[in-house]
Amino acid sequence: MFTQSMRKRLVLFLVEELVAEVVIVFFVVSYTLSINNSRRVRRRIVYAQPYGMLSRIPDQVLHMSRLFLDSDVDCISNLRMDRNSFGRLCFLMRELGGLVDRRYISVEEQVSMFLSILAHHKKNRVIKFDFRRSGQTVSHYVHIVLRAILSLHTLFLVKPTPVTDDSTDSRWKWFKGCLGVLDGTYIDLHVPSCDKPRFRTRKGRISTNVLGACDQNMMFVYVLPGWVGSAADCRVLRNAVLRPNRLKVTKDIIVTLAGLGLNKATP
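A brief report on the enclosed structure follows. Keep in mind the model is a prediction, meaning the values are calculated, not measured. Per-chain numbering applies: the sequence of each chain, read as written, is numbered from 1 onward. This being a predicted model, a pLDDT of at least 70 is required before a residue's local features are given, and a value of 80 or more before pairs of side-chain atoms are given or counted; all residues contribute to the totals for chains, interfaces and linings. To obtain the side-chain values, all non-hydrogen atoms of the structure were used and water was disregarded.

A word on the overall build of the protein
In plain terms, the rule: For the purposes of this entry, the term helix denotes a DSSP run of H or I that reaches at least four residues, the term strand denotes a run of E that reaches at least two, and both are numbered from the N terminus. Only protein chains enter the area calculation, which uses a 1.4 Å probe; residues under 20% of their type maximum are buried, those over 50% are exposed, and those in between are partly exposed. Per-residue accessibility takes into account occlusion by the displayed protein chains alone, with areas from the Shrake-Rupley method and a 1.4 Å probe.
Summing up its helical and strand segments, the protein has 10 helices and 5 strands in all. Counting across all 267 residues of the protein, residues that qualify as buried make up 28%. Accessible area of the protein: about 19,200 Å², with a carbon and sulfur share of 60%.

Let's talk about the layout of surface pockets
Worth spelling out the cut-off: Detection works on a 1 Å grid of protein atoms alone, calling trapped sets that fit a 1.4 Å probe cavities and calling open sets with protein on both sides within 12 Å along at least five of seven lines pockets, with lining residues defined by an atom within 4 Å of a point. Grid points are joined across faces, edges and corners, and a volume is the space filled by probe spheres set on the points. Any residue outside Ala, Val, Leu, Ile, Met, Phe, Trp, Tyr, Cys, Pro, Asp, Glu, Lys and Arg is labelled polar, Gly included; the first ten of those are nonpolar and the last four are charged.
Empty space within the largest pocket amounts to approximately 1,900 Å³. The wall of the largest pocket is formed by 40 residues, among which Phe114, Leu118, Leu146, Ile149 and Ile187 lie closest to the centre. Sorting the residues of the lining of the largest pocket by element identifies α5 (107–120), α7 (135–151), α8 (153–156), β1 (181–188), β2 (207–214) and β3 (220–228) as the ones contributing at least two each. In terms of residue count, α7 provides more of the lining of the largest pocket than any other element does, 7 residues in total. Class assignment for the residues of the lining of the largest pocket results in 24 nonpolar, 10 polar and 6 charged. Approximately 550 Å³ is the volume found for the second largest pocket. Elements represented by at least two residues in the lining of the second largest pocket include exactly α8, β1, β2 and β3. Of the residues forming the lining of the second largest pocket, the biggest block, 3 residues, is contributed by β3. Its residues assigned to classes, the lining of the second largest pocket comprises 14 nonpolar, 3 polar and 4 charged.

Overview of the packing of helix α6 (residues 124–131) against α7
The test is simple: Angles here are taken between N-to-C directions and fall from 0 to 180 degrees, while the axes themselves are lines fitted to C-alpha atoms, restricted in helices to the stretch in contact. Oblique is the label for every angle not falling under 35 degrees (roughly parallel), over 145 degrees (roughly antiparallel), or within 65 to 115 degrees (roughly perpendicular). Pairs of residues are marked as contacts when any of their non-hydrogen atoms sit within 4.5 Å.
Relative to each other, α6 and α7 sit at 105°, their axes nearing to 9 Å. The orientation of α6 with respect to α7, classified from their angle, is roughly perpendicular. Between α6, through Asn124, Ile127 and Lys128, and α7, the contact on the second element is made entirely by Gly135, Val138 and Ser139. For the contact of α6 with α7, the residue count by class is 2 nonpolar, 3 polar and 1 charged.

Describing the pattern of salt bridges
For clarity, the threshold we go by: Salt bridges are defined by distance alone: a side-chain nitrogen of Lys or Arg within 4 Å of a carboxyl oxygen of Asp or Glu.
Throughout the structure, instances matching the rule amount to 8 salt bridges. Measuring nitrogen to oxygen at the nearest pair gives 2.9 Å for the salt bridge that ties Arg83 to Asp72. Highlighted residues: Arg83 in helix α4 (residues 83–95) and Asp72 in helix α3 (residues 72–79), separated in sequence by 11 residues. When its relative accessible area of 33% is taken as the criterion, Asp72 is described as partly exposed.

Examining α4
Applicable threshold: A helix is expected to span 1.5 Å for every residue after the first. Relevant arc is that of directions from the helix axis to the C-beta atoms, nothing else.
Here α4 contains 13 residues, and its C-alpha end-to-end distance of 18 Å stays within 8% of the 18 Å for a straight helix at 1.5 Å per residue. Those residues of α4 that fall on the buried side of the exposure criterion are Phe86, Leu89, Cys90 and Met93. Mapping the buried residues of α4 onto a view down its axis gives an arc of 95°, with all of them on the same face. Along α4, exposed side chains directed more than 90 degrees from the buried face belong to Arg88, Phe91 and Glu95.

Some thoughts on the side chain of Ser207
Tracing the chain through its elements places Ser207 in strand β2. If near-sequence neighbours (up to four positions away) are discounted, Ser207 is found in contact with Tyr186, Ile187, Asp188, Leu189, Phe199, Thr201, Val228 and Gly229.

Considering α5
In this model α5 runs 20 Å from its N-terminal to its C-terminal C-alpha over 14 residues, within 8% of the 20 Å that 1.5 Å per residue would give. The set of residues buried in α5 consists of Val107, Glu108, Glu109, Gln110, Val111, Ser112, Met113, Phe114, Leu115, Ser116 and Ala119.

Some points on the packing of aromatic side chains
The condition that has to hold: Paired rings are identified among Phe, Tyr and Trp, the last through its six-membered ring, by centres lying within 6.5 Å, and are further divided according to the angle between planes into stacked (under 30 degrees), edge-to-face (over 60) and tilted (the rest). Whether a charge sits over a ring depends on NZ of Lys or CZ of Arg being within 6 Å of the ring centre and within 35 degrees of the ring normal.
According to the stated counting rule, one finds 2 aromatic pairs in the structure shown. For the ring pair Trp172 and Phe175, a centre distance of 6.4 Å and an interplane angle of 70° mean the geometry is edge-to-face. For Trp172, a relative accessible area of 9% puts it in the buried group. The exposure class assigned to Phe175 is partly exposed, which follows from its relative accessible area of 39%. The positively charged end of Arg132 is found above the aromatic ring belonging to Phe129, 5.6 Å away from the centroid.

See the structure below:
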């Protein structure tokens with residue numbers, strides 16, 4: 001016969017066994033559920049949020065600030081002019097060139113894209129990545145800035161003045177009556193494959209031959225672009241003086257020709 005104390009011990013033992021089994025079952029169920037949840041998270045496909053216009057604005061503002069707001073060194077390295085010159089150019093584009101700030105793009109950014117292409121021969125896709133713009137936007141505003149600059153050719157192309165007899169400039173006092181200097185240069189460009197033979201220079205580069213004339217202060221007075229790279233310099237010069245809008249030189253004025261195989265010329 002079990003005594004009352006033995007019955008209590010038996011009951012306590014059974015309760016302890018039951019509690020231990022419940023705890024074991026609880027831990028097994030919890031571990032199984034955690035494994036299933038982790039598998040579900042791994043299989044879940046996370047879709048990236050669309051990179052819209054509003055999300056690109058902070059990056060665009062930061063890039064423009066680094067271009068021409070931080071220092072003259074960065075501005076010259078990227079745009080080939082200091083911050084003062086860049087601000088003056090943007091002012092001229094606004095007041096005389098007809099450029100206006102758009103809803104999402106300012107005049108400064110339009111001019112920056114144009115100067116980046118000219119200064120470093122960057123492609124449309126590179127400018128698109130740097131400025132966080134679409135390729136169509138880059139192409140559209142580059143052409144707008146180009147047309148604005150061409151419309152101001154009377155402002156950018158100065159009228160030369162001949163070297164006077166009493167000139168004291170060590171570089172020009174030896175050239176009495178000289179208007180400036182003529183020279184040709186090659187500018188690399190991309191053309192269709194069928195046109196590459198005509199644009200290939202004697203050094204193998206695909207370029208266009210451009211004739212330019214500068215005055216004593218290195219300001220352009222005449223530019224003739226568009227000739228193929230294979231054209232000789234004398235052929236370009238002959239076209240410059242015979243075309244309808246030809247290069248005109250007044251009487252008794254000597255023009256120094258650099259790199260064209262001539263010493264001097266008088267009309």
